[in-house]
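Each chain is listed here by its residues.
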2 protein chains.
Amino acid sequence: MKVAISLLLSETPRFEVTALTRHSSLQKPAVLELQKQGVQIVTVDLAGTEDEVAKALFGIDAVISAIYGGSVIDEIPLINAAKAAGIQRYLPCFFATIAPPKGALLLREMKEDVLNHIKNVRLPHTVIDVGWWYQVNLPRLPSGRIDYAVMETSDGIAGGGNIPIALTDLRDVGTYVVRIISDPRTLNRMVFAYNELERVSGEKLQRKYVSIPVTAEEIQSHIHDVEAMNPAPDTVDFVTLAQLEYWYSCGIRGDNTPENAKYLGYLLAKDLYPDIIGVTLEAYTHEVLEWRGRRVYEHLMSLPSIRAVNKAWK
Amino acid sequence: MKVAISLLLSETPRFEVTALTRHSSLQKPAVLELQKQGVQIVTVDLAGTEDEVAKALFGIDAVISAIYGGSVIDEIPLINAAKAAGIQRYLPCFFATIAPPKGALLLREMKEDVLNHIKNVRLPHTVIDVGWWYQVNLPRLPSGRIDYAVMETSDGIAGGGNIPIALTDLRDVGTYVVRIISDPRTLNRMVFAYNELERVSGEKLQRKYVSIPVTAEEIQSHIHDVEAMNPAPDTVDFVTLAQLEYWYSCGIRGDNTPENAKYLGYLLAKDLYPDIIGVTLEAYTHEVLEWRGRRVYEHLMSLPSIRAVNKAWK
């Protein structure tokens, strides 16, 4: 996503894009790719002094955080530096499903703590949530044909109900961000940008895929099991816990809908920018069936422990 | 405030008002006064079962919590019962100054936890904040002439600056509430209703009163002292801590302004209902000078320990 946003911004003539990265990441392919696209690369150490971080931000108008979801608390020094540098619009790393601030998703709770810090220092900001990503939601086929592209955890259908879920192609996030950060109506507001409203356990998907229905009780019991491991944010167990909580929040509670977003105070991108359509779920599905998909979280999913967790789950 | 809201609602023909009270409070003068005004009195035990509390709420459209600020967490069973009873609009006990959700005021932090619970169970609601009350803000006169009506803690002026502070007469809260709960624009929103924007340390008050200027450092050091006592919510030390934090938030941080309210997502009552004016600070001041004022928090302020705290403070 970091790359998608930066590329889109760099393709838009009115933006000059600077990417902040750790010194140790300077030679990573994604960073080199950005550099090739004309993005200015600046190294920054969030554990350094506020002055040093602020220096990297002087002259910049907007900061977009695309940090790993388990590390959002590391944004605190970035936020303090952004305030010191006079940043006009700060986008914390949200970019996920609609959920209440507390009580449903550990990841959302951590993001709320970050948002509360932003409000405490009175930094101009915009929160963008995008619903559940297509890229983590395609159920596996019995043939194993699309295993190369789906999450190892994408093995069940939460609940047996017919709960609507808002979904977005990760690659469209950049399109939404470009519009939202240029729009005065979204300053200090939360915006919900999604492509399609689907019923994951409904007929659209079930017609094409065979998946295991999972009950609310089964998910909760599995959440308790993984919680008991008290997983650190940089482990696969943490990702598994997040995935299970997303299932429960989206599939059982029905949190991830435009209605709930409006209830929670979000503006809807579909109201603000009716011209943005984005990739359809059907088009994305065809891409994956035609070997053009790409797995997300590869660095975590390839670790052996994620397989152990999933084995216990089955 | 409980009385003011209920009376105003009961005077408005389209409202039928029910007041919930503890069984042990049935004979209190305020409750008897409500009963005389035609308000239906229903006893409820928030420590009872959800079913029992919900039964008291069936058939009611809106619930207004006017619980003591230190006890807002006791609203959780009331909120669950309101959800079960299908309440269309729940007003949690906010009714105070504008401040960020976390990091500035312990009382506001507790209210945020309550609001997060409301959002978690998806209860229709409206938050109303009213700024700082006239009734807790009049500084004492050297002559002692108005001591009968002012808070024992109203002894200083926070900071030496010129920070704007929004103030409201407690008796106008009912007027705002009647309008706000009848207005579909305020559903699931936060509304800031205040009478006047003043500079407490500015010339308006200083021309008439002599007060002790208090520095940010002095307030912070006193906050640390009272925090160290770890005061329970039903003690005068807790009220003192709250008062000191209000001073810091309003007088030093400048949190309690319409601009900050808008930044935090509030609608302004002055935009929604420009016809509501309310009692002016000047009129209220005259009332107090003419012996028609009334002290708030009398039950706490008359305890000896508040005097001890204030003595240490001076």
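These figures come from a predicted structure and were not determined experimentally. Throughout, a residue's number is its position along its own chain's written sequence, starting from 1. All chains are assigned letters beginning with A, and all ligands numbers beginning with 1, in the order in which they are written. Side-chain atom pairs in this predicted model are given and counted only at pLDDT of 80 or more, local residue features only at pLDDT of at least 70, and totals for whole chains, interfaces and linings cover all residues. Each side-chain value is derived from all of the structure's non-hydrogen atoms; neither hydrogens nor water enter the calculation.

S.K.: Help me understand the overall build of chain A, please; the structure alone is not making it clear to me.
M.R.: Within chain A, the secondary structure is distributed over 14 helices and 12 strands. Per-residue burial for chain A yields a buried fraction of 54% across its 314 residues. The contact criterion used is simple: two residues touch if any of their non-hydrogen atoms lie within 4.5 Å. Contacts in chain A between residues at least 24 apart in sequence constitute 79% of all its contacts with a sequence separation of at least 6. Values of accessible area rely on a 1.4 Å probe in the Shrake-Rupley scheme; residue burial ignores everything except the protein chains shown. Accessible surface for chain A amounts to roughly 14100 Å². Of this, 54% is attributable to carbon and sulfur atoms. A run of H or I in DSSP becomes a helix once it reaches four residues, and a run of E becomes a strand once it reaches two; helices and strands are each numbered from the N terminus. Burial status follows relative accessibility: with a 1.4 Å probe on protein chains alone, a residue under 20% of its type maximum counts as buried, one over 50% as exposed, and anything between as partly exposed.

S.K.: It is not clear to me how the relation of the copies chain B and chain A should be interpreted in this structure. Could you clarify?
M.R.: These two copies of the chain differ by a rotation about an axis and a displacement along the same axis. Least squares is the method for superposing the copies, and the C-alpha atoms it fits come from residues with pLDDT of at least 70 in both. It takes a turn of 180° to lay chain B on chain A, together with a shift of 0.0 Å along the axis; the resulting RMSD is 0.0 Å. In short, the pair behaves as if placed about a two-fold rotation axis. Taking the C-alpha atom as reference, chain B places B:G265 closest to the rotation axis, 4.3 Å from it. The overlap is high: 100% of the interface residues of chain B also sit at the interface in chain A, so the same surface is used on both sides.

S.K.: Sorry if this is basic, but what is going on with unusual backbone geometry here?
M.R.: Leaving glycine out, the prevailing phi sign among residues is negative, and the prevailing peptide bond configuration is trans. Residue and element names in this part refer to chain B. Notably, N230 is not glycine yet its phi reads approximately 50°, a positive angle. Mapping N230 onto the fold places it in the loop between α8 (216–228) and α9 (236–253). With a phi close to 65°, W291 is a non-glycine residue in the positive phi region. Along the polypeptide, W291 turns up in the loop between α12 (281–289) and α13 (298–301). Take W291: its relative accessible area is 56%, and that puts it in the exposed class.

S.K.: When you look at the sheet that holds strand β10 (residues 196–199) of chain B in this model, what are you seeing that I'm missing?
M.R.: Note on sheets: strands pair through backbone hydrogen bonds, and any given pair is parallel or antiparallel. All names here are of chain B. Whether two strands pair depends on DSSP finding at least two bridges between them. Taken in spatial order, the three strands line up as β6-β8-β10 in an open sheet, and their pairing is mixed. Edge positions in the sheet fall to β6 (132–133) and β10, since each has one partner strand and no second. As judged from the two bridges shared by β6 and strand β8 (residues 164–168), these two strands associate in the parallel manner. Directly across from W133, in β8, lies its bridge partner T168.

S.K.: Any chance you could explain the environment of B:V42 here in plain terms?
M.R.: Residue and element names in this part refer to chain B. Along the chain, V42 falls in strand β2 (residues 40–43). The spacing of V42 and N137 is 95 residues in sequence and 34 Å in space, taken between C-alpha atoms. When residues no more than four places from it in sequence are discounted, the contact partners of V42 are T18, A19, L20, T21 and A56.

S.K.: Which parts of the structure should I look at to understand the side chain of A:S249?
M.R.: Residue and element names in this part refer to chain A. Along the chain, S249 falls in helix α9 (residues 236–253). On the accessibility criterion, S249 (1% relative accessible area) is buried. When neighbours within four sequence positions are excluded, S249 is seen to be in contact with I98, A99, A104, L105, G254 and D255.

S.K.: What is the right way to read a negative patch on the surface from this model?
M.R.: Excluding any residue in a salt bridge, patches collect residues exceeding 30% relative accessible area, merging like charges within 9 Å and nonpolar Val, Leu, Ile, Met, Phe, Trp and Tyr side chains within 5 Å. What counts as a salt bridge is simple: a side-chain nitrogen of Lys or Arg found within 4 Å of a carboxyl oxygen of Asp or Glu. Only four residue types enter the charge count, namely Lys and Arg as positive and Asp and Glu as negative; His and the chain termini do not. Charge coordinates come from a single atom per side chain, which is NZ of Lys, CZ of Arg, CG of Asp or CD of Glu. Among the surface-exposed residues, A:D45, A:E50, A:D51 and A:E52 lie close enough to one another that they form a single negatively charged patch. Locating A:E50 in the fold gives a position in helix α3 (residues 50–57).

S.K.: I would appreciate a short explanation of the packing of aromatic side chains in the present structure.
M.R.: For any pair of aromatic rings, geometry is given as the distance between the ring centres together with the angle between the planes. Residue and element names in this part refer to chain A. In summary, the pairing rule links any two rings of Phe, Tyr or Trp, Trp by its six-membered ring, whose centres are within 6.5 Å, and it sorts them by plane angle into stacked for under 30 degrees, edge-to-face for over 60 and tilted for everything else. Scanning the model with the defined rule gives eight aromatic pairs over all chains in all. Taken together, a centroid distance of 5.9 Å and an interplanar angle of 40° make the contact between W132 and Y246 tilted. Residue W132 is found in strand β6 (residues 132–133), and its partner Y246 is found in helix α9; the two are separated by 114 residues along the sequence. Both residues of the pair, W132 and Y246, count as buried. In this scheme, the term charge over a ring applies when either NZ of a lysine or CZ of an arginine sits within 6 Å of the ring centre and within 35 degrees of the ring normal. The residue whose ring lies beneath K270 is Y194, and the NZ or CZ to ring-centre distance is 4.9 Å.

S.K.: Any chance you could explain the packing of α3(A) against helix α4 (residues 75–84) of chain A here in plain terms?
M.R.: Between two packed helices, both the angle of their axes relative to each other and the distance between the axes serve to describe the pair. Residue and element names in this part refer to chain A. Only the contacting stretch of a helix is used when fitting its axis, a line to C-alpha atoms as for every element, and angles between N-to-C directions run 0 to 180 degrees. Where α3 meets α4, the closest approach of the two axes is 8 Å, and the angle between their N-to-C directions is 60°. Taken together, the axes of α3 and α4 lie oblique to each other. When you trace α3 past α4, the crossing you get is right-handed. In this structure, α3 contributes E50, V53, A54 and L57 to the contact, and α4 contributes L78, N80, A81, A82 and A84. In terms of residue class, the contact of α3 with α4 is made up of seven nonpolar, one polar and one charged. For classification purposes, angles smaller than 35 degrees are called roughly parallel, those larger than 145 roughly antiparallel, those between 65 and 115 roughly perpendicular, and all remaining angles oblique. Two helices crossing with the near one rotated counterclockwise from the far one by less than a right angle form a left-handed crossing, whereas a clockwise rotation gives a right-handed crossing. Gly falls in the polar group here, along with every residue not listed as nonpolar (Ala, Val, Leu, Ile, Met, Phe, Trp, Tyr, Cys, Pro) or charged (Asp, Glu, Lys, Arg).

S.K.: How should the side chain of A:E75 be read in this particular structure?
M.R.: Along the chain, A:E75 falls in helix α4. For the buried A:E75, no salt bridge exists, and the shortest N-O distance to an oppositely charged side chain is 8.5 Å, to A:K111.

S.K.: Is there a simple way to think about the pairing of strand β10 (residues 196–199) of chain A in this case?
M.R.: Regular strands have side chains that alternate between both faces of the sheet. Residues and elements named next belong to chain A. Of the two faces of β10, only one is covered, namely that formed by E196 and E198; the face formed by L197 and R199 stays uncovered. Looking at chain direction, strand β8 (residues 164–168) and β10 are connected through four bridges and run antiparallel. Bridge pairing in β10 places P164 opposite R199.

S.K.: Teacher, can you tell me more about the packing of α4(A) against helix α5 (residues 106–120) of chain A here?
M.R.: All names here are of chain A. At a closest axis distance of 10 Å, the pairing of α4 and α5 adopts a crossing angle of 20°. Relative to α5, α4 is oriented roughly parallel. Two packed elements cross with a definite hand, and for α4 against α5 that hand is right-handed. Contacts between α4 and α5 involve E75, I76, I79 and N80 from the first element and V114, H117 and I118 from the second. By residue class, the composition of the contact of α4 with α5 is four nonpolar, two polar and one charged.

S.K.: Honestly, the interface of chain B and chain A in this entry has me stumped. Any pointers?
M.R.: Quoted interface sizes are often the accessible area lost when the parts come together. Facing the 21 residues of chain B at the interface are 21 residues of chain A. When residues of chain B are sorted by the area they lose upon contact with chain A, B:N120, B:R122 and B:Y263 head the list and together hold 42% of the total. Here chain B and chain A share two salt bridges between them. Residues B:R122 and A:D255 are paired through a salt bridge, measuring 2.8 Å at the closest nitrogen-oxygen approach. Identification of polar contacts relies on pairs of N or O atoms within 3.5 Å, with a donor-acceptor requirement for protein atoms, meaning one able to donate a hydrogen and the other able to accept it, and with residues adjacent in sequence counted only if both atoms are side-chain atoms. Our count for the contact surface shared by chain B and chain A stands at 16 residue pairs in polar contact (both at pLDDT 80 or more). Looking at the side of chain B that touches chain A, the elements with two or more residues in it are α5 (106–120) and α10 (258–263) of chain B. Element by element, the count of residues in the side of chain B that touches chain A is highest for α5(B), at five residues. When its residues are assigned to classes, the side of chain B that touches chain A shows seven nonpolar, seven polar and seven charged. Each of two parts loses accessible area, computed with a 1.4 Å probe, when they are put together; buried area is these two losses added.

By themselves, these are just geometric observations and shouldn't be taken as functional.
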